[in-house]
Amino acid sequence: MTIVPFYDRSTLISQAADTLRRALLEEVLLVTLVQAIFLLHLRSILIVTLPLPLAVLISFLTMYYAGSHRTS
């Protein structure tokens, strides 16, 4: 008989992803709102707002591809 420890981290990962999603949405909405109030210029709003989610996406893709080549 062998005891195999198992720790299910799926709930923790799901909660962390939900927290990140909510924080990113709040960040984009707040930045867009502040820019809309002070600048009233659509192109400026897009220039600042679009890189926020793109930076997160690029960082996750980098982590995914960097970790996918490991064989552990």
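If you're wondering where the values come from, they're calculated on a predicted model, not measured in any experiment.

The rules behind the values
- Residues numbered from 1 in each chain as written.
- Predicted model: local features only at pLDDT ≥ 70, side-chain atom pairs only at ≥ 80, totals over all residues.
- Heavy atoms only, no water.
- Helix = DSSP H or I, 4+ residues; strand = E, 2+ residues; numbered from the N terminus.
- Buried < 20%, exposed > 50% of the residue type's maximum accessible area, 1.4 Å probe, protein only.
- Polar contact = N/O pair within 3.5 Å; in protein donor to acceptor, adjacent residues only side chain to side chain.
- Phe/Tyr/Trp six-rings, centres within 6.5 Å; stacked < 30°, edge-to-face > 60°.
- Salt bridge = Lys/Arg side-chain N within 4 Å of Asp/Glu carboxyl O.
- Patch = residues over 30% accessible without salt bridge, like charges linked within 9 Å, V, L, I, M, F, W, Y side chains within 5 Å.
- Areas by Shrake-Rupley, 256 points an atom, 1.4 Å probe, with all protein chains shown as cover.

On to the environment of Arg21, then. Along the chain, Arg21 turns up in helix α1 (residues 10–38). Under the relative-accessibility criterion, Arg21 is labelled exposed at 54%. Sequence separation of Arg21 and Pro53 is 32 residues, and the distance between their C-alpha atoms is 9.7 Å. Only 2.8 Å separates the side chain of Arg21 from the side chain of Asp18, close enough to count as a polar contact.

A word on the packing of aromatic side chains. Scanning the entire structure with this criterion turns up one aromatic pair. A centroid spacing of 5.1 Å and a plane angle of 75° characterise the contact between Tyr64 and Tyr65, whose relative ring orientation is edge-to-face. Across this residue pair, the class does not change: Tyr64 and Tyr65 are exposed.

The subject of this paragraph is the pattern of salt bridges. Counting across every chain of the model gives two salt bridges. Among the ionic pairs, Arg21 bridges to Asp18, the shortest N-O distance being 2.8 Å. You can see Arg21 and its partner Asp18 sitting in helix α1, three residues apart, about one turn around the helix. For Asp18, a relative accessible area of 40% gives the class partly exposed. Here Arg22 ties to Glu26 by a salt bridge, and the two come within 3.7 Å at their closest N and O atoms. Of the two residues, Arg22 and Glu26 are both situated in helix α1; the distance of four residues between them amounts to about one turn of the helix.

For the rest of this paragraph, the subject is a nonpolar patch on the surface. On the surface, Leu42, Leu46, Leu50, Leu54, Leu57, Ile58, Leu61, Tyr64 and Tyr65 cluster together into a nonpolar patch covering about 940 Å² of accessible area. Mapped onto the nonpolar patch, the elements with two or more residues apiece are α2 (42–49) and α3 (51–67). Sorting elements by how many residues they give to the nonpolar patch places α3 first, with six residues. Locating Leu57 in the fold gives a position in helix α3. Since its relative accessible area comes to 45%, Leu57 is described here as partly exposed.

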